[in-house]
Amino acid sequence: MGKGRGCGGFYKATLLTTSVAVDAEDSSEGKYVAGDPSACHRRAMADTPRSRGRTQRAQFYFILATVWEAVSGHIRYSIPEEMQKGSVVGDVAKGMGLDSERLSERAVRLVSGGRTQYFALNAESGHLITAERIDRERICGRAETCLLQCEILVEDKVKLFAVEVEITDINDNAPSFPAKELELKISEITAVGTRISLPEAQDPDVGINSIQNYRLSDSAHFSLAVQAGSDGAKYAELVLEKALDRETRPVHVLTLTAADGGDPVRAATAHIRVVVGDINDNAPVFTQPLYNVSVLENAPRGSLVLTVNATDRDEGPNSEVTFSFRKITDKAAQIFQLEPRTGEISTRGDLDHEEAAAFEMEVEAKDIGALSGRCKVLVTVLDVNDNSPAIAITSLLGPVPEDAPPGTVISLLHVQDRDSGPNGEVTCSIAANLPFRLQKTLDNYYSLVTDRALDRERVSGYNVTVTATDRGTPPLSSTTSISVQLSDINDNAPVFSQTSYTVSIPENNPSGASVCSVRATDRDWGENARVTYSLLEGEGREAPLSSAVSINSETGAVYALRSFDYEQLRELRFRVQARDGGSPPLRSNVSVRLLVLDQNDNSPHILHPASPSDGSTGVELAPRSSEPGYLVTKVVAVDADSGQNAWLSYQLLKATEPGLFSVGVHSGEVRTARYFVDRDGLKQSLVVLVKDNGQPPLSATVTVTVAVADSIPELLSDLSSLSAPAQPQSGLTLYLVIAVASVSCVFLTFVIALVALRLRRWRESQLLDSSSGTFSGVPVSHFVGIDGVRAFLHSYSQEASLSAGSGKSQFNFPQSNYANTLTSEQTCEVKDPFLMAEELNVSNADQSSIQVS
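Parameters and conventions
Residues numbered from 1 in each chain as written. Predicted model: local features only at pLDDT ≥ 70, side-chain atom pairs only at ≥ 80, totals over all residues. Heavy atoms only, no water. Phe/Tyr/Trp six-rings, centres within 6.5 Å; stacked < 30°, edge-to-face > 60°. Helix = DSSP H or I, 4+ residues; strand = E, 2+ residues; numbered from the N terminus. Buried < 20%, exposed > 50% of the residue type's maximum accessible area, 1.4 Å probe, protein only. Pairing = 2+ DSSP bridges. Axes fitted to C-alpha atoms, helices over the stretch in contact; angles between N-to-C directions. Salt bridge = Lys/Arg side-chain N within 4 Å of Asp/Glu carboxyl O. Disulfide = S-S within 2.5 Å. Contact = heavy atoms within 4.5 Å.

**Comments concerning the packing of aromatic side chains**
Moving on, step 1. Applying the stated criterion across every chain yields a total of five aromatic pairs.
Moving on, step 2. With centroids separated by 6.0 Å and ring planes inclined at 50°, the aromatic side chains of Phe-286 and Phe-323 adopt a geometry described as tilted. One end of the pair, Phe-286, is in strand β18 (residues 285-286); the other, Phe-323, is in strand β22 (residues 322-327), with 37 residues separating them in the sequence.
Moving on, step 3. Residue classification places Phe-323 among the buried positions, given a relative accessible area of 7%.

Structural data, given as structure tokens:
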């Protein structure tokens, strides 16, 4: 047979039986032959030399009939006792409506419940088989019906089937007498027809296989009368048929044979030696034929159960009565003892209601002669609540998913109390604050099921204590703990520690610098709680986000991939996504705002006056008659930085005449600080320092040249005097007079044209580039050139100023910083050696200059 699982259980079924011939030696090896008499005969013939002197064959009963399934889910089979180990009891797979080929896949097994394993389940064939030889007399004694029970559990459905197996008796025990030799003393005056009780033969078998008949050897004086008791047991009485004569025959030897009704018939014999005694014609008589007494199962050893009493009407020694057990089972003989003289029955062993609830025995009273009387004693063992309920975990589900619906079976419990009546009635309970409940299935089985929704993130596991309490007085209880662990499902998305992040980084940061670190947590467990981070590209972005920042997918650290420039990028917005490792994964996003902090990395840039490209210096005109505070020009500068790094301050670093000019600290306006005096030179050079407020501060310088003159003629006169050679030349004076007259005419014309043009182009901001020449890089002001000479007007004073240098003189007519300018480029050479324009240059930086040599 295939390997089976442990069993000690049962189910309901109907059976038909047939006899099977089994070889004795084959039976000891667990083999059997069924349905083939010729095969049995051949085996018997072959084994005759080996089995001579022994019984050759035994008759067994075996199942042939079908299994039927009741509404309650019980299956019942019937088999004879003493079947070989591994014999088939029945096809339980068919009885349960299951496919025997998929029986092992469905995890079908027998539930022992702590009882002796009499059966096993063959997982391959689906048959219930015997796990050992079954002795009906050892298990059930003389009970009329012997049932063994077991449960079959289908684990994938968490369903139980109860199986009952009835063990039928076979004639495997021969009758036996308590003693092979028996001596009876019968008085010679015993009346004919007197009945003398004979020892009763014992046969552990029941029914037809028990004692059915007694026979007595032939005797002229005695005959045998067979009686049947109330329980159906038969006993023999020796009947005196003819008066005895001690003098004629003092001893009679008889043979008593007891036979059962089995096939073949088994018998036992006892030799009876009848000694004819003297007169004793009264037998002891009990006060009552039946004694019925009850005793608690917890009665201590030596407790008096009852006292039987018998009297003998004879006198003297013939009236002395002794008591003894006439009929008692081995189990009862170990527990009870009888005092021969007094008739007191007491306990010498421990009573246990769960093992035996009642005992039946017969007591015989004998006088000194052969006369005796008998009575029956029935002892009922009363149950006391001495057994606590036993809880066995039959099946336990593994980790329970936290999304398990209410009613999910977690564990199957078997509860049993060996007591009876109310003492054996058990109720089970668990704590009320748990999300579970107990649900009764079969008689003594409970299912632990979920009662409401579970949440592993709130409680990851439960230790459920099941309490079983009986209804005894006082009640007894027992507990067992079931550890219920919840398995995680991915039901929680990652959550960032902040709703949004705003971080900053100074510009000019090194590539790979850490910007910030975002962190998200997931309340799930294991792989479902493993969070990875990634950047989300936004729409409408000029450059990809991956070129600016990156993120560590494991730690959430954000790094800058390049150096940021505040002047190009002041703010960067992006989103970070956190995704867990569940299936399907859950995600959450967070916004990150990265602010680039300004650093003082840009020096001030001077817009006005701009430095000419040829290295020359622009000229600003200041009337000699101007009062202190007169605005000469304004230095305009910008800084690409922001905040305090772009706060500019102006400072006069160097001047030709210290104290003549002042510079506004915040405005950059160059103003006269006092009145001009005669000793002040025509040309004043000012070096202005522009410094920002950064740390450390950055600066730039610009040189401003101021020509001091009250009018154009004076400017030209002073310029001529500065340019004239030390030795007077009459030709030069003539040319100078002509030049001054020409310049005056051109100047008047220029002023008129300039005013008209300024009104028309007042709101335009376009700067006109001038051709490169001697004056390249000088800011363009309003100027008009006539015959190669250019004059300048300053927008603040609308007057001309002239400055003279070594070998060169410049005219500068500055305008307001961002006003439109008119550029006219005319170059003409003056052949007068005393007034000759070397080069003219007009720039687009709000300043124009003329150099004259």
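Next comes the rest of the write-up.
**Thoughts on the sheet that holds strand β12 (residues 195-197)**
Moving on, step 1. If you walk across this open sheet you meet the three strands as β12-β15-β14, and the pairing is antiparallel. Each having just a single partner strand, β12 and β14 (222-228) make up the two edges of the open sheet. Shown here is a sheet whose adjacent strand axes are inclined to one another by a mean of 35°, direction ignored.

**With respect to the pattern of salt bridges**
Moving on, step 1. The tally for this structure, following the rule as stated, stands at 22 salt bridges.
Moving on, step 2. Its salt-bridge partner being Asp-352, residue Arg-418 comes within 4.0 Å of it at the nearest N-O pair. Of this pair, Arg-418 sits in the loop between β29 (409-416) and β30 (426-429) while Asp-352 is found in the loop between β24 (344-347) and β25 (358-366), placing the two residues 66 residues apart along the sequence.
Moving on, step 3. Here Arg-530 ties to Glu-527 by a salt bridge, and the two come within 2.9 Å at their closest N and O atoms.
Moving on, step 4. A residue is classified by how much of its surface remains accessible, and Arg-530, at 37% relative accessible area, is partly exposed.

**Some thoughts on the sheet that holds strand β16 (residues 251-260)**
Moving on, step 1. The strand order across the open sheet built from four strands is β11-β17-β16-β13, with neighbouring strands paired in mixed fashion. Each end of this open sheet is capped by a strand with a single partner; those strands are β11 (181-187) and β13 (211-216). Each neighbouring strand pair of the sheet contributes to a mean axis angle of 25°, computed without reference to strand direction.
Moving on, step 2. For β11 and strand β17 (residues 267-277), the ladder comprises seven bridges, and the chain directions are parallel. In the strand pairing of β17, Glu-183 is matched with Arg-273.

**Some points on the state of the cysteines**
Moving on, step 1. Per the stated rule, a full pass over the model turns up one disulfide.
Moving on, step 2. For Cys-140, the disulfide goes to Cys-146, at an S-S distance of 1.9 Å. Measuring the twist about the S-S bond at about 60°, one finds the Cys-140-Cys-146 disulfide to be right-handed.
Moving on, step 3. Since its relative accessible area comes to 1%, Cys-146 is described here as buried.

**Describing the environment of Asp-367**
Moving on, step 1. Relative to the helices and strands, Asp-367 resides in the loop between β25 and β26 (372-382).
Moving on, step 2. Classification of Asp-367 as buried rests on a relative accessible area of 5%.
Moving on, step 3. If we ignore the near neighbours within four places in the chain, the residues touching Asp-367 are Asn-280, Asn-282, Ala-283, Pro-284, Asp-312, Asp-314, Asn-318, Glu-320 and Val-321.

**A look at unusual backbone geometry**
Moving on, step 1. Residue Pro-609 is bonded to the preceding His-608 through a cis peptide linkage, with omega at -5°.
Moving on, step 2. Notably, Glu-82 is not glycine yet its phi reads approximately 65°, a positive angle.
Moving on, step 3. Tracing the backbone shows Glu-82 in the loop between β4 (74-80) and β5 (88-91).
Moving on, step 4. With a phi close to 65°, Asn-508 is a non-glycine residue in the positive phi region.
Moving on, step 5. Examined against the element boundaries, Asn-508 turns out to sit in the loop between β36 (500-506) and β37 (514-517).

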